[in-house]
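Remarks on the overall topology
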There are 2 protein chains.
Amino acid sequence: MSCNWGTELWDQFDNLEKHTSWGIDFLERYTKFVKERADIELSYAKQIRSLSKKYHPKRNREDESRYTWFVAFAATLQQLNELAIQREDLAENLNAQIVCELTRYTQELKTERKSHFQDGRRAQQHIESSWKQLESSKRRFERDCKEAERAQHVSDKIDLDNKTDGEKRCSLKARQTAQQKQQAAEESRKDYVTSLNQFNQDQHQHYHTLVPVIYQRIQDMEERRIERIGEAMRSLAEAERKVLPVVSRCLDAMMEAAESIQPRKDTRQVVEVYKSGFDPPGDVEFEDYSATMRRSISESSYLDNRTEERRQSRKLWPFIRKTKVYAHTHTQGADETHLEESPGCTQVLFSPFSC
Amino acid sequence: MSCNWGTELWDQFDNLEKHTSWGIDFLERYTKFVKERADIELSYAKQIRSLSKKYHPKRNREDESRYTWFVAFAATLQQLNELAIQREDLAENLNAQIVCELTRYTQELKTERKSHFQDGRRAQQHIESSWKQLESSKRRFERDCKEAERAQHVSDKIDLDNKTDGEKRCSLKARQTAQQKQQAAEESRKDYVTSLNQFNQDQHQHYHTLVPVIYQRIQDMEERRIERIGEAMRSLAEAERKVLPVVSRCLDAMMEAAESIQPRKDTRQVVEVYKSGFDPPGDVEFEDYSATMRRSISESSYLDNRTEERRQSRKLWPFIRKTKVYAHTHTQGADETHLEESPGCTQVLFSPFSC
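Notes on the structure follow. Just so you know, these numbers come straight off a predicted model, no measurement behind them.

Attention now goes to the overall build of chain A. Helix and strand counts for chain A come out as nine helices and zero strands. A total of 355 residues make up chain A; the buried ones form 48% of that total. Taking the contacts inside chain A whose residues are at least 6 apart along the sequence as the reference set, 86% of them involve residues at least 24 apart. Carbon and sulfur atoms provide 54% of the accessible area of chain A, an area that totals close to 17900 Å².

On to the environment of A:Asp144, then. Residues and elements named next belong to chain A. You can see Asp 144 is positioned in helix 4 (residues 68–160). Owing to a relative accessible area of 9%, Asp 144 belongs among the buried residues under this scheme. As for Asp 144 and Lys 58, which are separated by 86 residues in sequence, their C-alpha atoms are 105 Å apart. The residues touching Asp 144, leaving out its near neighbours within four places in the chain, are Ala 184, Ala 185 and Ser 188. A distance of 3.1 Å separates the side chain of Asp 144 from the side chain of Arg 143, its partner in a polar contact.

Turning next to the nonpolar core. Judged by nonpolar contacts, the single largest core of 125 residues is most densely connected at A:Tyr30, A:Phe33, B:Tyr30 and B:Phe33. Mapped by element, the contributors of at least two residues to this core are helix 2 (13–55), helix 4, helix 5 (165–259) and helix 6 (263–274) of chain A together with helix 2 (13–55), helix 3 (68–160), helix 4 (165–259) and helix 5 (263–274) of chain B. Not counting residues within four places of it along the chain, the set of residues in contact with B:Phe33 comprises A:Leu51, A:Tyr55, A:Phe73, A:Leu77, A:Leu80 and B:Leu236.

Throughout the structure, instances matching the rule amount to 62 salt bridges over all chains. The shortest N-O distance in the salt bridge between A:Arg104 and A:Glu108 comes to 2.5 Å. Within this pair, A:Arg104 and its partner A:Glu108 are both found in helix 4, separated by four residues, close to a single helical turn. According to the relative accessible area criterion, A:Arg104 is partly exposed, its value standing at 40%. Between A:Arg241 and B:Asp252 there is a salt bridge, with the nearest N and O atoms lying 2.4 Å from each other. With A:Arg241 in helix 5 and B:Asp252 in helix 4, this pair bridges two chains. Residues joined in a network through salt bridges with shared partners are A:Glu101, A:Arg104, A:Glu108, A:Arg228 and A:Glu231.

Between the two copies, chain A and chain B, the superposition gives an RMSD of 0.3 Å; the rotation angle is 180° and the shift along the axis is 0.1 Å. Look at the turn and shift together and you get a two-fold axis relating the two. Among all C-alpha atoms of chain A, that of A:Tyr44 lies closest to the rotation axis, at 2.9 Å. Looking at chain A, 99% of its interface residues are interface residues in chain B too, so the copies touch through the same face.

Let us look at the packing of aromatic side chains. What describes a pair of aromatic rings is the distance from one ring centre to the other and the angle between the planes of the rings. This model, assessed by the stated rule, comprises 39 aromatic pairs over all chains. With a centroid separation of 6.1 Å and 75° between ring planes, the pair formed by A:Trp69 and A:Phe70 is classed as edge-to-face. An aromatic cluster is defined as three or more aromatic residues linked by ring pairs; in this entry it consists of A:Trp22, A:Phe26, A:Tyr30, A:Phe33, B:Tyr55, B:Tyr67, B:Trp69, B:Phe70 and B:Phe73.

About the criteria used
Residues numbered from 1 in each chain as written. Chains lettered and ligands numbered in written order. Predicted model: local features only at pLDDT ≥ 70, side-chain atom pairs only at ≥ 80, totals over all residues. Heavy atoms only, no water. Helix = DSSP H or I, 4+ residues; strand = E, 2+ residues; numbered from the N terminus. Buried < 20%, exposed > 50% of the residue type's maximum accessible area, 1.4 Å probe, protein only. Contact = heavy atoms within 4.5 Å. Areas by Shrake-Rupley, 256 points an atom, 1.4 Å probe, with all protein chains shown as cover. Polar contact = N/O pair within 3.5 Å; in protein donor to acceptor, adjacent residues only side chain to side chain. Core = buried A, V, L, I, M, F, W, Y, C linked by side-chain atoms within 4.5 Å. Salt bridge = Lys/Arg side-chain N within 4 Å of Asp/Glu carboxyl O. Least-squares fit on C-alpha atoms with pLDDT ≥ 70 in both. Phe/Tyr/Trp six-rings, centres within 6.5 Å; stacked < 30°, edge-to-face > 60°.

As far as function goes, none of this settles anything; it's purely spatial.
This is the structure:
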């Protein structure tokens with residue numbers, strides 16, 4: 001079956017007008033669809049981006065960045081931000097490559113369509129006026145024929161039943177009238193024939209040249225529109241497809257980051273950060289007050305406490321926070337223990353007694 | 001370097017408490033992060049789904065589904081809905097596999113951590129009380145030694161410068177007192193030695209058994225936490241990676257849909273839908289009123305107009321809508337032309353004159 005609108009749909013002007021208008025409506029609807037799709041991508045990207053930002057460490061504390069789990073999380077956030085950028089690019093491409101292009105194209109299409117249907121109406125007006133011309137000349141011919149006929153009747157009747165001179169003059173006059181009417185009818189017949197030929201020529205041109213050409217243009221326009229829709233749908237899928245490899249790379253990077261986590265290394269880091277370097281306290285030694293009864297323990301222990309505490313401040317004892325008194329008295333004890341072997345101290349110790 | 005918390009960080013109780021607490025904070029922060037990520041995916045999915053729904057044809061009009069471009073768009077929307085489902089599944093997996101799991105795990109971890117640090121404090125309290133015991137017995141020994149010393153001085157002084165019987169009795173009494181004090185000092189010395197040994201034993205156990213064991217448990221706990229963070233990060237990336245192949249298939253399907261568009265086929269469909277099957281009107285024939293002057297055109301044309309118009313209603317003329325009068329008069333004309341060869345009609349035509 002032929003699918004040429006010019007020949008097959010010659011009498012479907014109104015339906016073609018409706019159909020092509022529906023096509024343009026769809027084009028606008030599809031453009032709106034892609035626009036909304038791009039908006040969704042954009043808001044998604046915004047959310048992802050702000051999520052990444054929200055969880056990114058405000059200021060990278062030195063003791064954070066040395067832990068593998070912390071570094072891995074930072075890397076994940078980095079990749080997440082990359083994903084956001086991809087989505088933003090996608091939205092941008094959809095708007096630039098599809099929405100803007102289709103909007104522009106739709107305007108062109110509307111203009112083209114309008115001009116085609118204007119041509120159609122012009123052709124129609126022309127054939128209509130040609131028809132009116134034919135009608136009027138036909139009616140004139142009909143009227144003239146009737147008048148000529150009536151004049152002939154009158155003339156014949158007078159000829160039959162009158163013999164006087166006066167009556168002969170009447171019949172002569174009637175015959176002249178009849179002849180004039182006959183000539184008039186002959187004239188309008190020529191007119192009629194001319195406009196009949198003109199109309200048939202116009203009508204033939206209308207249906208076999210003008211309408212086919214105009215409708216063919218409308219069909220081409222429609223096929224280009226459909227072709228364009230197809231292109232738009234392809235670029236939509238293509239634009240999204242382009243994102244996939246990058247997304248895939250981001251996810252690989254996230255996976256690597258996760259796999260780079262080393263618990264052992266991290267707990268070793270904790271040792272490096274917090275190790276004091278001191279050894280746990282040794283045994284407390286016995287103090288034989290019975291052997292050195294002249295000494296004043298309290299003074300001697302007091303003497304060196306401050307320096308002692310400064311040197312060992314919060315180092316010997318893990319629970320120092322809760323045991324000020326304990327630590328104090330203990331360091332005092334430790335103090336005394338080695339006072340035993342320190343001659344410098346013994347000098348001091350004896351002084352209170354030497355005066 | 002050893003990375004054993006029990007031996008290296010024996011005096012860093014407070015810092016380990018801070019560090020492990022920070023680790024749990026991070027665990028909770030990460031869980032919240034994944035939750036928000038899932039929420040974003042869910043809202044994205046909702047938007048995509050409603051977009052697909054919004055543009056899906058309300059009721060599939062018969063004359064829509066026969067056009068390839070229309071079918072292609074419907075397929076695109078279908079795939080878009082599939083993408084939304086994928087995103088919803090992703091959000092669901094993130095919540096079920098990561099958020100819920102980590103929330104549960106964090107609670108367990110908090111409980112475990114609490115018990116470890118409670119053990120630490122218990123050990124600390126024990127060594128503190130052991131120390132107090134040592135202190136008091138040491139002070140007692142010190143005091144008793146002083147008193148014994150003083151008593152000895154008194155006794156010696158009396159012996160030197162008294163010879164009378166009464167004075168001899170005093171000196172005897174003083175010597176007895178000195179002996180008693182000496183014995184008391186001897187007792188508290190034993191006490192002191194006992195608690196000193198007890199303390200040194202406790203202290204050794206504290207730093208070389210209890211603390212190492214407890215801190216080792218804390219380190220194991222910390223390493224399990226970090227291991228768990230790593231697992232969570234892997235599952236996050238994995239869950240997203242699972243989506244990619246499906247997304248890819250959806251995009252392929254969209255591409256196929258776009259490529260299935262055939263403009264030619266669609267315009268042929270338009271022909272099938274709207275073709276009337278009639279041929280364009282032929283030439284209008286000449287009507288010779290001069291040859292049939294007896295006839296009354298108006299009546300005869302009027303007679304058959306209704307049937308004629310019914311048969312040819314809006315078929316011969318594409319522009320009929322705009323040309324009621326024109327079409328009417330034309331069918332009237334066409335009517336007259338074939339009245340010429342219709343004997344049935346001519347009979348009728350003559351009747352008005354025959355009566």
